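# Architecture at a glance
Residue strings, one per chain:
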Amino acid sequence: MHGRLKVKTSEEQAEAKRLEREQKLKLYQSATQAVFQKRQAGELDESVLELTSQILGANPDFATLWNCRREVLQQLETQKCVGIQDLRRLPWPCAYTASPEELAALVKAELGFLESCLRVNPKSYGTWHHRCWLLGRLPEPNWARELELCARFLEVDERNFHCWDYRRFVATQAAVPPAEELAFTDSLITRNFSNYSSWHYRSCLLPQLHPQPDSGPQGRLPEDVLLKELELVQNAFFTDPNDQSAWFYHRWLLGRADPQDALRCLHVSRDEACLTVSFSRPLLVGSRTEILLLMVDDSPLIVEWRTPDGRNRPSHVWLCDLPAASLNDQLPQHTFRVIWTAGDVQKECVLLKGRQEGWCRDSTTDEQLFRCELSVEKSTVLQSELESCKELQELEPENKWCLLTIILLMRALDPLLYEKETLQYFQTLKAVDPMRAAYLDDLRSKFLLENSVLKMEYAEVRVLHLAHKDLTVLCHLEQLLLVTHLDLSHNRLRTLPPALAALRCLEVLQASDNAIESLDGVTNLPRLQELLLCNNRLQQPAALQPLASCPRLVLLNLQGNPLCQAMGILEHLAELLPSVSSILT
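In this text, all values refer to a predicted model and were calculated from it rather than measured experimentally.

For the rest of this paragraph, the subject is empty space enclosed by the protein. Counting across every chain of the model gives four cavities of 30 Å³ or more. Here the second largest cavity is characterised by a volume of approximately 80 Å³. Looking at the second largest cavity, it is lined by eleven residues, and the ones nearest its centre are Trp247, His250, Arg251, Thr405 and Leu408. Every element with two or more residues in the lining of the second largest cavity is listed here: helix 11 (244-253) and helix 14 (400-413).

This is the structure we're talking about:
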């Protein structure tokens, strides 16, 4: 009827939107193609800025166009133009060789364009990066305004970690006192505990405010500050136990800096004419910073260092061959000293006349070896945290973060005393969080192996029994350099890792009744004589090829493996491993 608007049907509306999208897509593709053509032709002028403005204004995540825009701006900065361009026409007009004031005006226009792009997508990597680049070209940026900008965007989305990154950049450039930034995180955390970025920022700021001279690069906190932070974070996870942000911060609070560099063990073998060294962290010997010097009887000796598995990648264990002169049995003893220049540490051992080996190792404690994730603060602090978490666990019995934190706290207090209770909590945690059962099995295995190593250290023996522990992984093998007998039977191991090559003194390896499918880690073990692999999952004889690198292997038990069913398997294995005198199938 006359005077009434025609209401479009849904089909007509859909068709109209489709046509509109097609038209926008054509314009988008046309503008993009034009930009690339001009860039390829070297025509970096104002028209490219205008075209990129049209595209980036709709899609700020087009990273290539931000690169192109910077190229144009850099060229225009050094280009002399005739006359002054209209500053209102482009976000960044032709930038002739400008004075600081004129340059500031041009940057202001570009900053305005960037703000419009951030309103389209506040989490655009390219836009925030371009803003950093832009402000770096100003002689005196208005950092206070940038801090206000960050505050506005964090008001909208306090979890915008792109904006948090930019704020840290601005605060650093503006030399904002850490106390002011800490107060800013206070305001956001008080408003909403679920803000991982704010918690993380606190972990960066607090060591700056309370530096501890002997705490290492990560820094630790004075006890009064620590207690105050623990109270804050407890309020957070008692308020919302399922939010992971506060739990991560809680773990950082109870953490400590990495242990100091140490040369753990030095072993010399006359039979293998070899010297082996184990370190507190993996290193790449021969790099610019990681250099090892060897002194034999106070004289330098030039040697070539290698890893036990031959891969020459960062490793805890390194070894070198020794010349016959350094092992001369006519002298009463030889003294070997290794100097680690990067760690500024050294260790020496003595090889006596008539002895086949000599070694020296640290009398390490559990704190030095394994308790690096949580600190050894006063036991009252850790005990108080443990009691608080157990109290929360009674209220929230299925909270995985609380259960995991209880496990870590018990290990910080006394891993051997709490071993049985820790295993019970692992069982509960697996039932609560079945999707991470494999990770929890591996973590449980790691803790059990650590405890076993500690018991071995205390007993000062070279035999390690790890049978019937339901292990799924092996770790800390660099701590087993001196072990001669290792029992891994009746576990759930699927492979023997390459790090096993660090066991240079290993003579007997029992790994029966597992789920082992690969023997890639059983390589270059110079003293291995017996290997028991009954009831595993070895399918093909080729899986045994790594054993050919073990020169003293004489007994190999493969009973119960699928490969034993193959015809002529004994003949095949005898050909594959000619030095092994006894192979049981």
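In this section: the sheet that holds strand 12 (residues 508-510). Pairing is parallel in the open sheet, where six strands are placed in the order 10-11-12-13-14-15. Whereas interior strands pair on both sides, the edge strands pair on one side only; in this sheet they are strand 10 (463-465) and strand 15 (582-584). With strand direction ignored, the average angle separating the axes of adjacent strands in the sheet is 0°. Of the strand pairs in this sheet, strand 11 (residues 485-487) and strand 12 are connected by three bridges, and their pairing is parallel.

Take the pattern of salt bridges next. It is possible for side chains of opposite charge to pair when their charged atoms get near one another. Summed over all chains, the structure comprises 35 salt bridges. A salt bridge links Arg131 to Glu115, with the nearest nitrogen and oxygen atoms 3.7 Å apart. Here Glu115 lies in helix 4 (residues 100-120) and Arg131 lies in helix 5 (residues 125-135), a separation of 16 residues in the sequence. Accessibility classification places Arg131 together with Glu115 in one group, the buried group. The salt bridge partner of Asp433 is Arg436, with a shortest N-O separation of 3.0 Å. By sharing partners, the salt bridges in this structure join Asp271, Glu272, Glu357, Arg462, Arg527 and Arg552 into a single network.

Aromatic rings considered in pairs are described by the distance between their centres and by the relative angle of their planes. Counted under the stated rule, the structure contains 15 aromatic pairs. Taken together, a centroid distance of 5.9 Å and an interplanar angle of 75° make the contact between Trp164 and Tyr201 edge-to-face. Placement of the pair is Trp164 in helix 7 (residues 161-173) and Tyr201 in helix 9 (residues 196-209), with a sequence separation of 37 residues. The pair Trp164 / Tyr201 is uniform in exposure class, with both members buried. For the ring pair Phe248 and Trp401, a centre distance of 5.3 Å and an interplane angle of 75° mean the geometry is edge-to-face. Here Phe248, found in helix 11, pairs with Trp401, found in helix 14; they are 153 residues apart in sequence, far enough to count as distant. An aromatic cluster is defined as three or more aromatic residues linked by ring pairs; in this entry it consists of Trp128, Trp143, Phe153, Tyr166 and Phe169. If you follow Arg411 out to its NZ or CZ, it ends over the ring of Phe447, 4.0 Å from the centre.

This part takes up the environment of Leu573. With respect to the secondary-structure elements, Leu573 resides in helix 17 (residues 569-576). Through-space distance from the C-alpha of Leu573 to that of Leu544 is 8.4 Å; in sequence the pair is 29 residues apart. With residues up to four places along the chain from it excluded, the contact list for Leu573 reads Pro541, Leu544, Leu558, Ile583 and Thr585.

What counts, and where the lines are drawn
- Here the residue index of a chain counts from 1 through its sequence in written order.
- Confidence filtering applies because this is a predicted model: local features only for residues at pLDDT of at least 70, side-chain atom pairs given and counted only at 80 or more, and all residues used for totals across whole chains, interfaces and linings.
- Note that water and hydrogens are dropped before the side-chain values are worked out from all heavy atoms of the structure.
- Both cavities and pockets are sets of points on a 1 Å grid over the protein atoms alone; in a cavity a 1.4 Å probe fits but cannot get out, in a pocket the set is open with protein on both sides within 12 Å along at least five of seven lines, and lining residues sit with an atom within 4 Å of a point.
- Grid points are joined across faces, edges and corners, and a volume is the space filled by probe spheres set on the points.
- Elements are defined by DSSP. Helices are runs of H or I of four residues or more, strands are runs of E of two residues or more, and each kind is numbered from the N terminus.
- Pairing between two strands is assigned when DSSP locates at least 2 bridges connecting them.
- Angles shown run from 0 to 180 degrees and are taken between the N-to-C directions of axes, each axis being a line fitted to C-alpha atoms and, for helices, limited to the stretch in contact.
- A pair is scored as a salt bridge if a Lys or Arg side-chain nitrogen falls within 4 Å of a carboxyl oxygen belonging to Asp or Glu.
- Relative accessibility thresholds used throughout: buried, under 20% of the residue-type maximum; exposed, over 50%; partly exposed, between the two (1.4 Å probe, protein chains only).
- Pairing of aromatic rings covers Phe, Tyr and Trp, the last counted by its six-membered ring, and requires centre-to-centre distances within 6.5 Å; plane angles under 30 degrees mean stacked, over 60 mean edge-to-face, and any other angle means tilted.
- A ring is considered to have a charge above it if a Lys NZ or an Arg CZ atom is located within 6 Å of its centre and within 35 degrees of its normal.
- Should any heavy atoms of two residues lie within 4.5 Å, those residues are counted as being in contact.

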